[in-house]
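Residues per chain are reported as follows:
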Amino acid sequence: MKKSFQKILVASALVFGAAIVPQAQAQETPNPETVASVMIVDYAGIMREASAMQDVKKQIRERQVTYQQDIETRQQALREEEKQLAQQRTLLAADVYQEKQKQFQQKVAAFQKFAQGRSRVLDQALAESQATFQKALNEVIAGLAEERRATLVLHQAQVIIFANAMNASKEVFDRINKKVPTIKVEFKEGS
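The rules behind each value
- Residues numbered from 1 in each chain as written.
- Predicted model: local features only at pLDDT ≥ 70, side-chain atom pairs only at ≥ 80, totals over all residues.
- Heavy atoms only, no water.
- UniProt positions renumbered as here; feature names shortened; annotations may be inferred.
- Salt bridge = Lys/Arg side-chain N within 4 Å of Asp/Glu carboxyl O.
- Helix = DSSP H or I, 4+ residues; strand = E, 2+ residues; numbered from the N terminus.
- Buried < 20%, exposed > 50% of the residue type's maximum accessible area, 1.4 Å probe, protein only.
- Expected span 1.5 Å × (residues − 1).

The protein carries the name OmpH family outer membrane protein in an unreviewed UniProt entry, which gives Thalassospira povalilytica as its organism. Quoted verbatim from the Sequence similarities (unreviewed entry) field of UniProt, the annotation for the protein is "Belongs to the Skp family."

Draft legend 1. Just the pattern of salt bridges, in detail. The tally for this structure, following the rule as stated, stands at eleven salt bridges. A salt bridge links lysine 179 to glutamate 139, with the shortest nitrogen-to-oxygen separation between them at 2.8 Å. Here lysine 179, found in helix 5 (residues 169–179), pairs with glutamate 139, found in helix 4 (residues 94–148); they are 40 residues apart in sequence, far enough to count as distant. Where lysine 170 meets aspartate 174, a salt bridge forms, and the shortest distance between an N and an O atom there is 3.0 Å. With lysine 170 and aspartate 174 both in helix 5 and four residues apart, the pair spans about one turn of that helix. A relative accessible area of 37% means that aspartate 174 is categorised as partly exposed. Bridged by salt links that share partners, the residues Glu147, Arg148, Glu171 and Arg175 form one connected network.

Draft legend 2. Inspection of helix 4 at higher detail. In a regular helix each residue adds 1.5 Å, so 55 residues correspond to 81 Å; helix 4 covers 80 Å between its end C-alpha atoms and thus fits that length. Directly beyond the C-terminal end of helix 4, a positive phi value near 60 degrees is found at arginine 149.

Set out below in structure tokens:
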């Protein structure tokens, strides 16, 4: 009886095991539409270090220095005018002095508007240049993802741990530097 019980256990184990094996094998075969092939890109690092973005920063710094010199010259002229106005205060009639003071305040307001406008020009130039570069960078990333058959691309900052084989940053960096080595920054001063 003991032997027949053992035979029944062995037979049931074989039958049970045979039923499980095909099911386990079916689960091991991944569906290509549901399996992600991941590519990691240091997007922020590339935006910061790419030759085109370095060139953009240089052009903006140069224009900023020019604007700053112009602003300082205008500030100095306003200080001199304010000093002269203060000296004339006791020499002029009250209504004449008030009119000159009003004109000076209008010049100060115009200067402040001018300085803010220059700041906006720089901000807008940077934003437009970054948008142009990001468009090209996204095209490079999409092309490389297609080559690698990656179905998911993540910013490196979003990932804690990943296999080095997933990191495409160097290749993306090299390709974007080749595709877009420089960007001509547009400064729209009339706006």
